[in-house]
Amino acid sequence: MPESLQPAQRRKRIAVFSRYQLAEQYDLAAEFKGMLTALAENNDVLHLSFRNTRLPAGGVPAGVELAEIPLTVDRRCARDITVKSMLMFLYLPLAAWKMRRFKPDAIFVSEILPLCGLFFKLFCNTHVATAYGDWHVHNFLGRKVWSRPFVKLAEVLERLEIRCLDGFFCRADAAGKRLITCGAREEQIRVVNDAPDLSAFFPQDQSDLRHRNGFSDEDVVLLYHGVMHQGKGLDRLLEWTADLYREDPRIGIFLVGAGAELKALQEQAVRLGLGSRAVFTGWLKTVHEVGQFCNAADICIAMRTGAESNVHIIPGALLHSMACRKTVIGPDLPGILEVIRDGENGFVFKADDGNSFKALIRRLAADPVLRNRTAVQAELDILDRFSVPATAKKYAAAIEHYAALPRKKERARS
């Protein structure tokens, strides 16, 4: 048949499910708007999420339909996030009903929401793919002795979900490798690295912000930014920082963000005698303010414990800090080692090893030339490997790939 007479290929119908509203997604992932834009060029797209309380910056891409479930969430409040996230599971039947009305060829769960993908698979009879990375149950409960039965149950359910779903979206190669050990196939997995928002995270002089928070130009200021939960090991970070401060009064630390551990960490900082040398900012209103604090620090830490739940993660905070041309350090975990080349664009210390961490900080505190050299290379790596436009296209291509995968019956016949 001549090409001009061949029937036009039907546009795929793709639904994206997010816990947070679109404006929040734009803040959380710089490439999210570009991904939706690219996806809507060749597909009909539905974005289903919590109710919008503010308009997304830059608007809704053409060809993207919005749908909502009647929940709102305050991301500045850890309790509100926890409560609303649990309530979300009660609203999944409503979400599935909205999905079925849209008649999608594929559903993509853009966050790591345990069992959501499996629920949609059971009730929507279509391809379902999900983001894969952080183990939220382990991160929040893993270090509590009483939680072991719940953690084991979560692991069993995770393996079940992996065997049932059609695709997995990862931010690190290490996560993809783990999925294969749990029964996933290579063709189901797409790895797309995170991309920092370069309008928020870029080199800038924030000496005034540094001074307003009590630090001088001669001080050596550490920084952590992100969600504060047990999987980050921030209690250990404070202990190690206090030890360093007792040796060297120039040492201080910014802790930017909030979470379930915030109050306990603030109390710990007081007990350790850090006083004004530990500055807790809480949730900041915009990612631009986060970028400002990154620039006000000297050494930025992608902090994680060495638990199995962290080995396949590339923290977004690591890439944010690199984009700000800062010295970055992190534990020697497989995901982090996909980004940090020790001594070239950053440094690693032995996970959970306070002596290794403190030795590294002493070395960097004494050698600002070394810090500057690796910081320059860190920024160059971001510009070379992690651009937002390229990441957005790869993100959209991954979702389109999930929609095109053959169904299980088709695979069995082949």
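Our subject is the structure that appears above.
Computed from a prediction, not measured in an experiment: that's the story for all the values here. (Residues numbered from 1 in each chain as written. Predicted model: local features only at pLDDT ≥ 70, side-chain atom pairs only at ≥ 80, totals over all residues. Heavy atoms only, no water.)

Caption draft 1: Local environment of the pattern of salt bridges. The full count for this structure, using the stated rule, is 18 salt bridges. Arg-19 is the salt-bridge partner of Glu-111, the closest N and O atoms lying 2.9 Å from each other. You can see Glu-111 sitting in the loop between β4 (106-109) and α5 (116-124) and its partner Arg-19 sitting in the loop between β1 (12-17) and α1 (22-28), a full 92 residues away along the chain. When its relative accessible area of 13% is taken as the criterion, Arg-19 is described as buried. With a closest N to O distance of 2.6 Å, Asp-352 and Arg-236 form a salt bridge. With a gap of 116 residues between them, Asp-352 in the loop between β13 (347-349) and α15 (354-365) and Arg-236 in helix α10 (residues 234-247) connect regions that are remote in the sequence. Exposure remark for Asp-352: the relative accessible area of 38% places this residue in the partly exposed category. Since its relative accessible area comes to 25%, Arg-236 is described here as partly exposed. In this structure, a network of salt bridges that share partners links the residues Arg-11, Arg-13 and Asp-44. (Salt bridge = Lys/Arg side-chain N within 4 Å of Asp/Glu carboxyl O. Helix = DSSP H or I, 4+ residues; strand = E, 2+ residues; numbered from the N terminus. Buried < 20%, exposed > 50% of the residue type's maximum accessible area, 1.4 Å probe, protein only.)

Caption draft 2: Up close: the nonpolar core. In terms of nonpolar packing, the biggest core is built from 35 residues, with Phe-17, Met-99, Phe-120 and Leu-179 touching the most fellow members. When residues of this core are assigned to their parent elements, the largest contribution, five residues, is made by helix α4 (residues 92-102). With residues near it in sequence (within four places) discarded, Phe-120 still touches Phe-17, Leu-92, Ala-95, Ala-96, Met-99, Ile-107, Val-109, Asn-125 and Val-128. If you look at the next biggest cluster of nonpolar residues, it comprises 33 residues, including Val-287, Ala-302, Leu-318 and Ile-340. (Core = buried A, V, L, I, M, F, W, Y, C linked by side-chain atoms within 4.5 Å. Contact = heavy atoms within 4.5 Å.)

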